[in-house]
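What follows is each chain in one-letter form.
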Amino acid sequence: MNKRYIYPQVRATVGEAEWAQRVNLAACYRLLAHYRMTDLIYTHVSARVPGASGEFLINPYGLMFDEITASSLVKVDHAGRVLLDATGIGFNPAGFVIHSCIHHARPGLHCVIHTHTAAGMGVAAQERGLLDISQHAMRFHGALSYHDYEGVALDADEQPRLVADLGEKNKAMVLRNHGLLTAGETVREAFDLMFYLERACQAQIAAQAGGAALRECSSEVGRKVARQFTEPDGSELHDWPALMRLLDRIDDSYRN
């Protein structure tokens, strides 16, 4: 077990619901590292603190994603005040700008993920965005938002436009010339959406690199596939525990 960035006093300080959320969020960070969806320390995942108004957890601004533990996560409020930070490192200001406005505007979304992957940035640079050329892409048909690039997300006045572009129902967004964003009612849902959005972008970049004409599916098929993926199939009961078992085999220190 990697014992760096483990702070036993945090476990003794927070309630059971917050600790469970911390473990799930730390797992999400480790999974993003495992599936190569990191950008050194410069992207971020946040999760709402259960039962707390306007409080959420985010990564310390200086740890690699494969170093994140449940006790190292920073707790902040909607105004950006640090409520608990055992590392003393603090958080990424750009991460706060992006995540805080979504948590505030969409209280039903408890986790937000933002990435800068090569494939995600590649699709974000394309005028037409994500194309209906794969099953993974079509699960987002009619439910993928776009937000124009305004520079590094350090200006609070961008927040209303971020929220407006995400909309009231969508849970995934392409940040043009920037990267990808997903949000979910649980950490598991946000990760699931990001995993498949990333795979859809990878498939598109790979298909375009082949040089042959692309075969796009019809809007009718796209709508059908998107509808099929919104129908509950019970997978959410099995895939997250399986992913946590994967992490436990690699390094279970995220749980601490």
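Conventions adopted
Residues numbered from 1 in each chain as written. Predicted model: local features only at pLDDT ≥ 70, side-chain atom pairs only at ≥ 80, totals over all residues. Heavy atoms only, no water. Helix = DSSP H or I, 4+ residues; strand = E, 2+ residues; numbered from the N terminus. Buried < 20%, exposed > 50% of the residue type's maximum accessible area, 1.4 Å probe, protein only. Contact = heavy atoms within 4.5 Å. Phe/Tyr/Trp six-rings, centres within 6.5 Å; stacked < 30°, edge-to-face > 60°. Lys NZ or Arg CZ within 6 Å of the ring centre and 35° of its normal. Expected span 1.5 Å × (residues − 1). Polar contact = N/O pair within 3.5 Å; in protein donor to acceptor, adjacent residues only side chain to side chain.

A.B. asks: Would you mind going over unusual backbone geometry in detail, with residue names and values included?
C.D. replies: Look at Tyr 5: it is not a glycine, yet its phi comes out positive at around 60°. Following the sequence through the fold, Tyr 5 ends up in the segment before helix 1 (8-13). Since its relative accessible area comes to 27%, Tyr 5 is described here as partly exposed. Positive phi values are uncommon outside glycine, yet Leu 40 reaches one of about 55°. With respect to the helices and strands, Leu 40 occurs in the loop between helix 2 (16-34) and strand 1 (44-48). The exposure class of Leu 40 is exposed, given its relative accessible area of 52%.

A.B. asks: Outline the environment of Gly 90, listing residues and values.
C.D. replies: One can find Gly 90 in the loop between strand 4 (82-84) and helix 3 (93-105). Exposure remark for Gly 90: the relative accessible area of 15% places this residue in the buried category. In this structure, the C-alpha to C-alpha distance between Gly 90 and Asn 59, residues 31 residues apart in sequence, is 8.3 Å. The residues contacting Gly 90, other than those within four sequence positions of it, are Asn 59, Pro 60, Tyr 61, Val 74 and Asp 85.

A.B. asks: Describe the packing of aromatic side chains, listing the residues and the values that go with them.
C.D. replies: For the structure shown, the criterion picks out nine aromatic pairs. Plain terms: the ring middles of Phe 191 and Phe 195 are 6.1 Å apart, the flat faces sit at 40° to each other, and that makes the pair tilted. One end of the pair is Phe 191 and the other is Phe 195, both in helix 7 (residues 187-209) and four residues apart, which spans about a single turn. Both residues of the pair, Phe 191 and Phe 195, count as buried. Judged by centre distance (5.0 Å) and plane angle (80°), the rings of Phe 195 and Tyr 196 are edge-to-face. Linked through ring pairs, Tyr 35, Phe 191, Phe 195, Tyr 196 and Trp 240 together constitute an aromatic cluster. Its end group placed over the ring of Phe 140, Arg 139 keeps NZ or CZ at 6.0 Å from the ring centre.

A.B. asks: Mind laying out helix 3, listing which residues take part and the relevant values?
C.D. replies: Taking 1.5 Å of rise per residue, 13 residues should cover 18 Å, and helix 3 covers 19 Å from first to last C-alpha, within 8% of that figure. Among the 13 residues of helix 3, ten are classified as buried, and the element is accordingly described as predominantly covered. Buried within helix 3 we find Ala 94, Gly 95, Phe 96, Val 97, Ile 98, His 99, Ser 100, Cys 101, Ile 102 and His 103. Against the buried residues of helix 3 lie strand 1, strand 2 (56-58), strand 3 (74-76), strand 5 (111-115), helix 6 (159-166) and strand 8 (179-184). The backbone nitrogen of Ala 94 lies 2.9 Å from a side-chain oxygen of the residue at the head of helix 3, namely Asn 92.

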